Amino acid sequence: MKGRKLFSLLQADGVVTLYAEDVETGLPAADDVIIRIDAAPINPSDLALLIASADLATLRTAGTADRPVLEATIPAERRAELAGRVGTPMAVGNEGAGVVIAAGENVTHLIGKTVACLGHAMYAEYIRVPAKACYVLPDGITAVEGAASLVNPLTALAMTDTMRAEGHAALVHTAAASSLGQMLNRICIDDGIPLVNVVRRKEQADLLRSQGAQYVCVSSDEDFSDQLVDALEKTRATIAFDAIGSGALVNQLLDGMETVALRHVSRYSRYGSMTRKTVYVYGCLDDQPIQIQRGFDFSWNVAGWLLPMSQQRKTEAWKRVSQQMKTTFSTRFSTCLSLDDVLVPSNFIQFAQKATGQKFLITPNKPTKN
Ligand SMILES: NC(=O)c1ccc[n+]([C@@H]2O[C@H](COP(=O)([O-])OP(=O)(O)OC[C@H]3O[C@@H](n4cnc5c(N)ncnc54)[C@H](OP(=O)(O)O)[C@@H]3O)[C@@H](O)[C@H]2O)c1
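Right, let's walk through the structure included here. Given the structure is predicted, the values throughout are model-derived calculations rather than measurements. (Residues numbered from 1 in each chain as written. Predicted model: local features only at pLDDT ≥ 70, side-chain atom pairs only at ≥ 80, totals over all residues. Heavy atoms only, no water.)

Concerning helix α10 (residues 345-352)
Here comes step 1: Regarding α10, the residues found buried are Asn347, Phe348, Phe351 and Ala352. Buried residues of α10, seen end-on, are gathered within an arc of 125° and therefore sit on one face of the element.
Here comes step 2: Following α10 by one or two positions, Lys354 adopts a phi angle in the positive range, close to 50°. (Buried < 20%, exposed > 50% of the residue type's maximum accessible area, 1.4 Å probe, protein only. Helix = DSSP H or I, 4+ residues; strand = E, 2+ residues; numbered from the N terminus. Arc of directions from axis to C-beta.)

Focus on a negative patch on the surface
Here comes step 1: A surface patch of like charges, here negative, comprises Asp221, Glu222, Asp223 and Asp226.
Here comes step 2: When you line up the elements, Asp226 lands in helix α6 (residues 224-235). (Patch = residues over 30% accessible without salt bridge, like charges linked within 9 Å, V, L, I, M, F, W, Y side chains within 5 Å. Areas by Shrake-Rupley, 256 points an atom, 1.4 Å probe, with all protein chains shown as cover. Salt bridge = Lys/Arg side-chain N within 4 Å of Asp/Glu carboxyl O. Lys, Arg positive; Asp, Glu negative; His and termini not counted. Charge placed at Lys NZ, Arg CZ, Asp CG, Glu CD.)

Quick notes on unusual backbone geometry
Here comes step 1: At Met274, a residue that is not glycine, the phi angle is positive and equals roughly 65°.
Here comes step 2: Within the secondary structure layout, Met274 lies in the loop between α7 (249-263) and β15 (277-281).
Here comes step 3: For Lys354, which is not glycine, the phi torsion reads 50° and is therefore positive.
Here comes step 4: Assignment of secondary structure puts Lys354 in the loop between α10 and β18 (360-362).

Re the packing of aromatic side chains
Here comes step 1: Enumeration over the complete set of coordinates arrives at eight aromatic pairs.
Here comes step 2: Look at Tyr282 and Trp305: their rings are 6.3 Å apart centre to centre, the planes differ by 90°, and that puts the pair in the edge-to-face class. With a gap of 23 residues between them, Tyr282 in the loop between β15 and β16 (300-304) and Trp305 in the loop between β16 and α8 (311-323) connect regions that are remote in the sequence.
Here comes step 3: For Tyr282, a relative accessible area of 19% puts it in the buried group. (Phe/Tyr/Trp six-rings, centres within 6.5 Å; stacked < 30°, edge-to-face > 60°.)

Let's talk about the site of the ligand
Here comes step 1: For the ligand, the set of nearby residues contains 26 residues, the closest of which are Ser179, Leu180, Arg201, Thr356 and Lys359.
Here comes step 2: The separation between an oxygen atom of the ligand and a polar side-chain atom of Thr356 is 2.7 Å.
Here comes step 3: Between Lys359 and the ligand, the recorded distance is 2.5 Å, taken from a side-chain N or O atom to an oxygen atom.
Here comes step 4: Contact with the protein chains removes 90% of the 930 Å² of surface that the ligand exposes when unbound. (Near = heavy atom within 4 Å. Polar contact = N/O pair within 3.5 Å; in protein donor to acceptor, adjacent residues only side chain to side chain.)

Some points on the nonpolar core
Here comes step 1: Counting 44 residues, the largest nonpolar core has Val33, Ile35, Leu50, Ile51, Tyr123, Phe348 and Phe351 as the members making the most contacts within it.
Here comes step 2: Per element, the largest residue contribution to this core is four residues, and it comes from strand β3 (residues 32-41).
Here comes step 3: Contact partners of Phe351, with chain neighbours within four places excluded, come to Ile42, Leu47, Leu50, Leu337, Val342 and Phe360.
Here comes step 4: Among the nonpolar cores identified, the runner-up in size contains 35 residues, and Met163, Ile187, Ile239 and Met309 belong to it. (Core = buried A, V, L, I, M, F, W, Y, C linked by side-chain atoms within 4.5 Å. Contact = heavy atoms within 4.5 Å.)

Points about the packing of helix α3 (residues 151-165) against α8
Here comes step 1: Put simply, α3 and α8 touch, their axes get as near as 10 Å, and they point 115° apart. What the angle tells us is that α3 and α8 run roughly perpendicular. Relative to α8, α3 is oriented so that their crossing is right-handed. Only Arg313, Lys314, Ala317, Arg320 and Val321 of α8 make contact with α3, whose side of the interface consists of Pro153, Leu154, Leu157 and Asp161.
Here comes step 2: Among the residues making up the contact of α3 with α8, the classes are represented as five nonpolar, no polar and four charged. (Axes fitted to C-alpha atoms, helices over the stretch in contact; angles between N-to-C directions. Parallel < 35°, antiparallel > 145°, perpendicular 65-115°, else oblique. Left-handed = near helix turned anticlockwise from the far one by under 90°. Nonpolar A, V, L, I, M, F, W, Y, C, P; charged D, E, K, R; others polar.)

Here you go:
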């Protein structure tokens with residue numbers, strides 16, 4: 001099956017080029033399926049592959065009307081970290097959903113099913129994947145409803161798994177009005193987990209409160225430290241998941257946790273409270289350095305965190321996600337784009353904002369609107 005697929009190619013001169021190209025899926029092997037992709041979200045991790053660290057001010061169109069191309073330039077100081085992808089076209093789109101239109105002899109039962117899929121390049125009209133990469137959507141769930149049913153749902157559930165596995169009973173989440181944050185808020189409400197939501201604007205706090213959030217702290221408020229300590233005192237959260245990954249916030253979270261922990265020690269120790277405090281940095285919404293100014297004890301750690309879920313746990317989690325896809329695990333999309341729409345600079349600038357309530361969806365098999 002031949003269909004268009006989106007690629008991002010970084011050249012040695014630092015120019016990143018986005019284009020769509022016809023690709024032949026080939027025939028499905030015995031355990032493969034061919035999916036017609038109907039919907040695939042643009043998640044922050046997709047943006048990182050699409051445009052890398054290119055300067056958005058350099059976005060420009062190239063190519064022809066028949067074969068539009070979008071280009072941008074990576075600043076010289078950011079090129080070394082991307083050396084591994086120079087010259088290799090990268091297919092993009094970490095998740096999405098569509099209909100199985102052909103299948104190998106062992107998996108013909110999937111023909112006609114609407115499935116979600118994770119970890120394959122989904123910004124394409126058609127893809128060929130192993131059947132085991134497919135998650136069959138329940139009857140009555142459309143591809144649009146199932147398009148974002150894997151990355152953020154599994155990640156949010158994995159956060160609560162990590163929280164429990166490491167012996168915590170409450171958690172903190174930053175950039176908490178994100179799609180993932182709103183989902184985590186619903187999970188925590190459903191599961192009775194105290195959640196401290198940290199956002200950067202009052203409107204985001206209002207949004208989360210309107211969705212039932214009990215603890216919301218606004219990092220741009222003058223009394224943010226007091227709000228945070230108050231919420232940490234009430235929840236006793238000692239683990240945080242930080243999507244921003246820059247600036248002073250990680251430090252403020254650890255400081256707040258230690259302030260609360262010290263209130264509850266039975267006697268003074270020069271080593272601090274000895275309460276283990278953890279911040280997992282799981283996103284890169286800002287690429288400035290994380291500033292740690294040690295004012296706390298020795299019982300803390302800051303580490304990266306990337307969906308640590310076994311296949312068995314994914315299968316279990318999927319059962320829950322698929323039953324609550326229209327409620328707890330739903331994602332609202334603000335805009336649908338065709339593959340060619342993605343290559344329009346004004347569209348690109350909009351979805352690259354990663355703004356609250358502005359989750360974009362690519363619908364590769366719908367005609368362009370621009
Ligand atoms: N490690 C993993 O396994 C994993 C898996 C899935 C997702 N993630 C990460 O999860 C995060 C959320 O993803 P999503 O799809 O839910 O995102 P999203 O819906 O696009 O929302 C992004 C949110 O981040 C806020 N934001 C953007 N830049 C910010 C900054 N510099 N400082 C503070 N807030 C900022 C936005 O608020 P404004 O409106 O104020 O801009 C918005 O609320 C992303 O960082 C993503 O990479 C990680």
